[in-house]
Structures are given as structure tokens and as C-alpha cells.
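Read off the chains here:
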Amino acid sequence: MTLPTYVNHLLPLKFLGVIPLFIGVEVILGITILNKASGVYGILSLFTGHPINFWQWLYNSLAIITLPVYVSALINLKTKPRNLRKISLATIVYVLDTFIGSLYTLYFIYFWFSSEEGSIKSTGADSSSSTLSSQSASAARELFITLGTTISVTFIRLYFTLVILSFAKALLKQNRMETRYNDVQNGTSSRSLEQEEEDEVANATGYFGEFRKAIFDLEVRSKEYLDDLFN
């Protein structure tokens, strides 16, 4: 499986046209981490008595689950060869997150407008024509602002996705070149460092050790999948 040609053409070489992708990914991960941290407050609403339905609870739960992936990717962004695996996993999670987030955006828009429509209908019978006209104008203004904001945020999120994909592609290409020419950094090859970490994870014991093995396996599979996708 390879990335479609038209998607390759869409991948930016610079963040916002002038900023290196590395800095762009740092900014994107930072924004995403702050955004996902809000999921904690969403879950806390269960304990404060604030009404929350199943889909809202699921969305906030997914935010908490994906948060460590983004944090780990940001922390290890400069750490070779660990950054390649971390970014690979974060890239796949971000793409899936963008898709799921888009579906939830449509759901929340529908939920919001359904609530607004019900509110207008409930007060419509007791309202004068001038009041109804004012409510109609207000609803149209809210519709314009909501749709405009939603479309803008969606396009920004899609652009961020392309930036992360482009950075992951560049990182994988660099790794292939280093492997091919056996590039040695600081007296130790990247391959030996990767092998040392792999051995360390393989020898880990206990529940935390099993968790590390599972995450390591996901990272390796993500790297292999993206490597195959970009080749």
C-alpha cells in the first residue's frame, strides 16, 4: 500500500510555507496536548453532576487515551532513534483522531441545532411576530458563526495532519539514508541504540513491562506501516 500521488503533492515542505516542519510539529503537538487535556475536565463532569451523554463521554475518554501518545512524541522529538517510532505512532493516531474528530464535529453541530430548534419551538407559541423575527435573525447569525468556525477549524486540522504526515515521511527517509550508509553519530550507530532499547523492553517484567512491550510493538508496527506507505 502506497500513499496516493495527489496526497504526496499536498504534503507541505515547510510549516506555513516558511517555518521548518520540525518546529511546526512541535507547535501542532503542543496545541493538541492542550486540547486533549480538556478531556480530563469532561470526564470530571461525571462527578460534578453535569449532564453528559454516552458519545460525549466516549469523546472525552478518547482524548485522555490519546494524550500520552502526543506527550511522548513531543518529549522524544529530538531523541534518536526513539523519535521515529514515537512520531510514527503519533502520526497514525493523529490521522485517526482527525477522522473521528470530524465525525464528532458533525454530531455536535447536529446536537446543538436540534437543541436550538427545540428551544425556539417551545417559546414560539407565546412569542410575538417581532420576537420571532429577532430570534430568526439571531439563529441565522449563530448558524453563520458556527459553520464558519467549524469549517475553519476543520481545514486547519486537515492542514496539521498533512504537516505531521510530511514530517513523518521526511524522518523515515532520513532513517533509511542513515541505515543505508551506516551513519555513525556520537560514536554509536543509531541501529545499536535501537537494538539496546529493544533488548531493554524485551527484558522488562511485570505489568508495566508488558505495557511497555505492547506500546513498543505498536510503535514498531506504526513505523513499518508508514515506511511501506511512503515507499
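Just so we're clear, the structure is a prediction, and the values are computed from it rather than from any experiment.

**A look at the overall build of the protein**
Stage number 1. Per the secondary structure count, the protein includes 7 helices and 2 strands.
Stage number 2. Helices and strands in the protein line up, N terminus first, as α-α-α-α-α-β-β-α-α.
Stage number 3. A total of 231 residues make up the protein; the buried ones form 32% of that total.
Stage number 4. The contacts of the protein with a sequence gap of at least 6 include a subset with a gap of at least 24, amounting to 74%.

**As for the nonpolar core**
Stage number 1. Counting residues in each nonpolar core, the largest one holds 32 residues, and the members touching the most others are Val-25, Ile-28, Tyr-70, Ile-87, Phe-167 and Phe-230.
Stage number 2. Listed by contribution, the elements that provide at least two residues to this core are α2 (21-48), α3 (54-75), α4 (82-124), α5 (129-180) and α7 (206-230).
Stage number 3. With 9 residues, the top contributor of residues to this core is α5.
Stage number 4. Residues contacting Phe-167, with those up to four places away along its chain left out, are Leu-21, Phe-22, Val-25, Leu-77 and Ile-87.

**Topic: α3**
Stage number 1. Over its 22 residues, α3 extends 32 Å from the first C-alpha to the last, a length consistent with the 32 Å expected when each residue adds 1.5 Å.
Stage number 2. Approximately 30° is the largest bend angle found in α3, and it occurs at Thr-66, with the proline Pro-68 only one to four residues beyond.
Stage number 3. Inspection of α3 places Gln-56, Asn-60, Ser-61, Ala-63, Thr-66, Leu-67, Val-69, Tyr-70, Ser-72 and Ala-73 among the buried residues, and these make up the whole buried set.

**Thoughts on a nonpolar patch on the surface**
Stage number 1. A cluster of nonpolar side chains, namely Val-40, Tyr-41, Leu-44, Phe-47 and Ile-64, defines an oily patch on the protein surface of about 540 Å² accessible area.
Stage number 2. The element that contributes the greatest number of residues to the nonpolar patch is α2, accounting for 4 residues.
Stage number 3. Residue classification places Phe-47 among the exposed residues on the basis of a relative accessible area of 70%.

**Notes on the layout of surface pockets**
Stage number 1. Of the voids in this model, the largest pocket is the one considered here, and its volume is about 560 Å³.
Stage number 2. As for the largest pocket, its lining consists of 24 residues, and the residues nearest its centre are Asn-35, Tyr-59, Thr-105, Val-153 and Arg-157.
Stage number 3. The set of elements that each furnish at least two residues to the lining of the largest pocket consists of α2, α3, α4 and α5.
Stage number 4. The element that contributes the greatest number of residues to the lining of the largest pocket is α5, accounting for 8 residues.
Stage number 5. Classifying every residue of the lining of the largest pocket by side-chain character gives 11 nonpolar, 12 polar and 1 charged.

**Quick notes on α7**
Stage number 1. The terminal C-alpha atoms of α7 lie 36 Å apart, and with 25 residues this matches the ideal 36 Å at 1.5 Å per residue to within 8%.
Stage number 2. For α7, the full list of buried residues reads Gly-209, Phe-216, Glu-219, Ser-222, Lys-223, Leu-226, Asp-227, Leu-229 and Phe-230.

**So, the side chain of Ser-166**
Stage number 1. In this fold, Ser-166 is placed in helix α5.
Stage number 2. A distance of 2.6 Å separates a polar side-chain atom of Ser-166 from the backbone oxygen of Pro-12.
Stage number 3. Among all residues touching Ser-166, those that are not within four sequence positions of it are Leu-11, Pro-12 and Leu-21.

**Describing the UniProt feature "transmembrane region" (unreviewed entry) in the protein**
Stage number 1. Within the UniProt annotation, "transmembrane region" (unreviewed entry) is assigned to residues 12-34, 54-77, 89-113 and 143-168.
Stage number 2. Here residues 12-34 is 61% helix and 0% strand, with 24 Å between the C-alpha atoms at its ends.
Stage number 3. Helix makes up 92% of residues 54-77 and strand makes up 0%, while its end C-alpha atoms are separated by 35 Å.

Rules and cut-offs
- Residues numbered from 1 in each chain as written.
- Predicted model: local features only at pLDDT ≥ 70, side-chain atom pairs only at ≥ 80, totals over all residues.
- Heavy atoms only, no water.
- Helix = DSSP H or I, 4+ residues; strand = E, 2+ residues; numbered from the N terminus.
- Buried < 20%, exposed > 50% of the residue type's maximum accessible area, 1.4 Å probe, protein only.
- Contact = heavy atoms within 4.5 Å.
- Core = buried A, V, L, I, M, F, W, Y, C linked by side-chain atoms within 4.5 Å.
- Expected span 1.5 Å × (residues − 1).
- Bend = angle between axes of the 7 residues up to and from the residue.
- Patch = residues over 30% accessible without salt bridge, like charges linked within 9 Å, V, L, I, M, F, W, Y side chains within 5 Å.
- Areas by Shrake-Rupley, 256 points an atom, 1.4 Å probe, with all protein chains shown as cover.
- Salt bridge = Lys/Arg side-chain N within 4 Å of Asp/Glu carboxyl O.
- 1 Å grid on protein atoms, 1.4 Å probe; cavity = no way out; pocket = protein on both sides within 12 Å on 5 of 7 lines; lining within 4 Å.
- Points joined across faces, edges and corners; volume = space filled by probe spheres on them.
- Nonpolar A, V, L, I, M, F, W, Y, C, P; charged D, E, K, R; others polar.
- Polar contact = N/O pair within 3.5 Å; in protein donor to acceptor, adjacent residues only side chain to side chain.
- UniProt positions renumbered as here; feature names shortened; annotations may be inferred.

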